[in-house]
Amino acid sequence: MFKALSRIVLLFCVITNINAQSFNIPSKGNQIFDFKDTQERNQATFYSEARYENITGITNDVWGKASFDIKDVKSTLNGEVSISTTSIKTGIEKRDEHLRSVSWLNSEKYPSITFKIKEITRVDQAEDNVLKIVLLGEFTLCGKTNLVYANATMKYLVESETTKQIMSGDLISVAARFDIKLSDFGITNSMIPNRVGDKIRITANLVGAESK
């Protein structure tokens, strides 16, 4: 009796784990989603907390793609998202000019900032067709690439009259966040000490449409 109960519990755990790595929708197989939105509703932000001021930067110039097998997201999820360095705005034009300068992001030499998925370490079911994901990615800034862990929530939206008002086709909505240290990418506070914190929180809120 005990052995039979143990098998049932083990089977339940296996089934639960499998379901937690997939979306419950009619579509099958691998799908590709494009994050380029001509209406610029997608956005990425950064937040810096320092001694003298807190700074928030934002951009809507976001592009990239993600792909995965509907029934096995954990093993198949791949993707890359980029933003243009010159598009980041902080609300003060002179500060934006300094941000783009050689002393900081050097936007002329490094026109884009990129996050590329390297490995999925965990997938949990949050609710119907909503997954919580922990992933390892390659973050490239100022020509340097470092590995960072990110937390993301991914929601699958089957095409409907409501979703058509955003984009046509099935959609995925992604909200992600991770932290970096500017010093890991060769950026320091030597020009304006203590005005920008070394630790930066980066977030992204994206919607991608299925590529036909």
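Residues numbered from 1 in each chain as written. Predicted model: local features only at pLDDT ≥ 70, side-chain atom pairs only at ≥ 80, totals over all residues. Heavy atoms only, no water.

**Regarding helix α3 (residues 93–100)**
Item 1. Inspection of α3 places D96, L99 and R100 among the buried residues, and these make up the whole buried set. Viewed along the axis of α3, the buried residues span an arc of 95°, placing them on a single side of the element.
Item 2. Contacts made by the buried residues of α3 are with β2 (43–49). (Buried < 20%, exposed > 50% of the residue type's maximum accessible area, 1.4 Å probe, protein only. Helix = DSSP H or I, 4+ residues; strand = E, 2+ residues; numbered from the N terminus. Arc of directions from axis to C-beta. Contact = heavy atoms within 4.5 Å.)

**Digging into the confidence of the model for the protein chain**
Item 1. For the protein chain, the average pLDDT comes to 87, and 86% of its residues sit at 70 or higher.
Item 2. Per-element mean pLDDT across the protein chain ranges from 42 in helix α1 (residues 2–19) up to 98 in strand β5 (residues 78–84). (pLDDT = per-residue confidence, 0-100.)

**Regarding the side chain of T163**
Item 1. You can see T163 is positioned in the loop between β8 (144–157) and β9 (171–181).
Item 2. Judged by relative accessible area, T163 falls into the buried class, the value being 7%.
Item 3. With residues up to four places along the chain from it excluded, the contact list for T163 reads L157, V158, G169 and L171.

**Notes on the pattern of salt bridges**
Item 1. Under the definition given, this model contains 8 salt bridges.
Item 2. Close ionic contact of K36 with D61 constitutes a salt bridge, the shortest N to O distance being 3.6 Å. Remark: D61 occurs in the loop between β3 (54–59) and β4 (62–69) and K36 occurs in the loop between β1 (30–34) and β2; sequence separation between them is 25 residues.
Item 3. When its relative accessible area of 25% is taken as the criterion, D61 is described as partly exposed.
Item 4. A salt bridge links E93 to R100, with the nearest nitrogen and oxygen atoms 3.2 Å apart.
Item 5. One continuous salt-bridge network, built from bridges that share partners, spans D179, K199 and R201. (Salt bridge = Lys/Arg side-chain N within 4 Å of Asp/Glu carboxyl O.)

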